[in-house]
Amino acid sequence: MTVATYTKTGSKSTTPAKLDKAVFGLEVKNHNLLKQAYISYLSDGRTNNAQTKKRGQVRGGGRKPWRQKGTGNARFGSSRNPIWRGGGIAFGPTGGENYSKKLSTSTKRQALRQALSIASKEDRIIIIDLLAVTDGKTRSVISLLKKMGTTGNTCLVADKIDETVKKAVQNIPNVNLTSAKYLNVYKVMSSDKLIFEKAALDSVSQWLGGKK
């Protein structure tokens, strides 16, 4: 499997890069696995800010609404019981819920292989010799992406993140910079284009394909 390769200046190289079939050439049949990995990523980043009060936390209601017997009404000890308006919430969120979903390492890796295989099949993968922005300016990265014909959501995958590149990319909308070891299903599936450094491609092929 081959894919278009560009130099660090954005010019197209005459020699295309090869993709490992064990990582980028799988036949995806189990889409449920991709869904699990995608939802797991979103769940792990979910914050829990919702919190309701139980009957003991709501102010007021200390006095018994009416006497126990003789009124013909049902017995109530507090106006803050959950079935009354203004009362506490019986089973509401407490702020301590854990929404994370655990997946095994082998499951995450297999899902990532499938996501990369789909991206490869849809021609969403581009290889660049080196992600280098010496001046650290945003316009240099924008110019590079335009020269490569990249539009939409773009994920730049570097072997090691350089602070100069990070500074140049962080203010560009729809452009995300990540290192190869932190690549995940969410980033792959959410990107219109994936631009790999050659070194990053080798790293991904090594830890997903089992190469030594």
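In short, a report on the structure.

1. So, helix α7 (residues 198–209)
Counted at 1.5 Å a residue, the expected span for α7 with its 12 residues is 16 Å, and the 16 Å between its end C-alpha atoms agrees. Among all positions of α7, only Ala200, Leu201, Val204, Ser205 and Leu208 are buried. Take α7 and look down its axis: the buried residues cluster within an arc of 135°, on one side only. Next to the buried residues of α7 lie β3 (17–18), α1 (21–24), α3 (105–121), β4 (125–128), β5 (154–158) and β7 (193–197).

2. Points about the environment of serine 190
Examined against the element boundaries, serine 190 turns out to sit in the loop between α6 (185–189) and β7. It is 8.7 Å that separates the C-alpha atoms of serine 190 and threonine 154, two residues lying 36 residues apart in sequence. Not counting the four nearest positions on each side in its chain, serine 190 is found in contact with Tyr38 and Asn153. Separated by 2.8 Å, the side chain of serine 190 and the backbone oxygen of tyrosine 186 make a polar contact.

3. Brief notes about the sheet that holds strand β6 (residues 175–179)
One open sheet accounts for five strands, arranged β2-β4-β7-β5-β6; its pairing is parallel. Both outer strands of the open sheet, β2 (5–6) and β6, are each paired with one neighbouring strand and no more. Pairing of β2 with β4 involves two bridges; the strand directions are parallel. Bridging from a neighbouring strand, tyrosine 6 pairs with isoleucine 128 of β4. The sheet contacts of α7 involve β2, β4, β5 and β7, and relative to β7 the element is tilted by about 95°.

4. Some remarks on helix α2 (residues 31–44)
Over its 14 residues, α2 runs 20 Å from end to end, which matches the ideal 20 Å to within 8%, given 1.5 Å per residue. All of the buried residues in α2 are Leu33, Leu34, Ala37, Ser40 and Ser43.

5. Quick notes on the nonpolar core
Within the largest apolar cluster, 29 residues are counted, with the highest numbers of intra-cluster contacts made by Leu116, Phe196 and Val204. For this core, the secondary-structure elements that each account for two or more residues are α1, α2, α3, β4, β5, α6, β7 and α7. Among the elements that make up this core, the one with the highest residue count is α3 (six residues). Setting aside residues up to four positions removed in sequence, leucine 116 forms contacts with Val23, Phe24, Ile125, Leu183, Val188, Leu194, Phe196, Val204 and Leu208. The next biggest cluster of nonpolar side chains, apart from the first, holds 18 residues, and it includes Leu131, Leu156, Ala168 and Leu177.

Parameters and conventions
- Residues numbered from 1 in each chain as written.
- Predicted model: local features only at pLDDT ≥ 70, side-chain atom pairs only at ≥ 80, totals over all residues.
- Heavy atoms only, no water.
- Helix = DSSP H or I, 4+ residues; strand = E, 2+ residues; numbered from the N terminus.
- Expected span 1.5 Å × (residues − 1).
- Buried < 20%, exposed > 50% of the residue type's maximum accessible area, 1.4 Å probe, protein only.
- Arc of directions from axis to C-beta.
- Contact = heavy atoms within 4.5 Å.
- Polar contact = N/O pair within 3.5 Å; in protein donor to acceptor, adjacent residues only side chain to side chain.
- Pairing = 2+ DSSP bridges.
- Axes fitted to C-alpha atoms, helices over the stretch in contact; angles between N-to-C directions.
- Core = buried A, V, L, I, M, F, W, Y, C linked by side-chain atoms within 4.5 Å.

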